[in-house]
Structure formats: structure tokens, C-alpha cells
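This is what each chain is made of:
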Amino acid sequence: MISIKAKAGQNGRIFGSVTSKDVSSAIKTQLGLDIDKRKITIELDIKAFGTYNISIKLHTKVLANMKVSVIEE
């Protein structure tokens, strides 16, 4: 699982949303892996704090699932 810090807005929501670019950057920082943002699939828009499932296409027949935790900065 990776963690992404986001600034809090009103009603416990975050400013903007967490994108595949943010996830790619967090993976590189926390795990040392360079994953292209185009290979990351986020099923639901991440606009609030919590834990979300994402998919990463590592190869044509290999799909990895990972959890992303969005926490307040």
C-alpha cells in the first residue's frame, strides 16, 4: 500500500483529485519503482480521504492490484 498526502478542503474532501500522475510519483518515491502514469487505472475518482484500489498494467497479460491510502497533509 502507498500513501498520498493531500490538502483538506471543506467537508473532509480534498482540493482537486488524486490522479494517476500523483500515484505514479508516490510509487516512485515510496517503492523506488518507475511506473508510467498511463499504465495506472483508477476505477473511481479519488476526491476524498480514504483507501482506494488501483490497477497497474505491468505487461500485456500481467495486471497488479494495489491499495492507495489518501491522508490529510
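Right above here is the structure, for reference.
Let us look at the structure shown here.

Scoring rules and cut-offs
- Residues numbered from 1 in each chain as written.
- Predicted model: local features only at pLDDT ≥ 70, side-chain atom pairs only at ≥ 80, totals over all residues.
- Heavy atoms only, no water.
- Helix = DSSP H or I, 4+ residues; strand = E, 2+ residues; numbered from the N terminus.
- Core = buried A, V, L, I, M, F, W, Y, C linked by side-chain atoms within 4.5 Å.
- Buried < 20%, exposed > 50% of the residue type's maximum accessible area, 1.4 Å probe, protein only.
- Contact = heavy atoms within 4.5 Å.
- Pairing = 2+ DSSP bridges.
- Axes fitted to C-alpha atoms, helices over the stretch in contact; angles between N-to-C directions.

### Remarks on the environment of Asp-36
Considering the arrangement of structural elements, one finds Asp-36 in the loop between α1 (20-31) and β3 (40-42). As a C-alpha pair, Asp-36 and Tyr-52 span 16 residues in sequence and 19 Å in three-dimensional space.

### Here's the deal with the nonpolar core
As a rule of thumb, nonpolar side chains are buried together in soluble globular proteins. Residues Val-23, Ile-27 and Val-70 are the most contacted members of the largest nonpolar core, which totals 17 residues. Only β1 (2-6), β2 (13-18), α1, β5 (50-59) and β6 (62-72) provide two or more residues apiece to this core. If we skip the residues at most four places from it in the chain, Val-70 touches Ile-4, Ala-6, Ile-14, Val-18, Ile-46, Ala-48, Phe-49, Gly-50 and Tyr-52.

### Concerning the sheet that holds β5
What the 4 strands build is an open sheet, ordered β1-β6-β5-β3; its pairing is mixed. The sheet is open, and its two borders are formed by β1 and β3, each paired with just one other strand. When strand polarity is set aside, the average angle formed by the axes of neighbouring strands in this sheet is 35 degrees. By the bridge criterion, 3 bridges tie β3 to β5 in an arrangement that is antiparallel. Each bridged residue has a counterpart across the sheet, and for Ile-40 the counterpart in β5 is Ile-56. The strands that α1 touches are β1, β3, β5 and β6; relative to β1, the one it contacts most, it runs at about 125 degrees.

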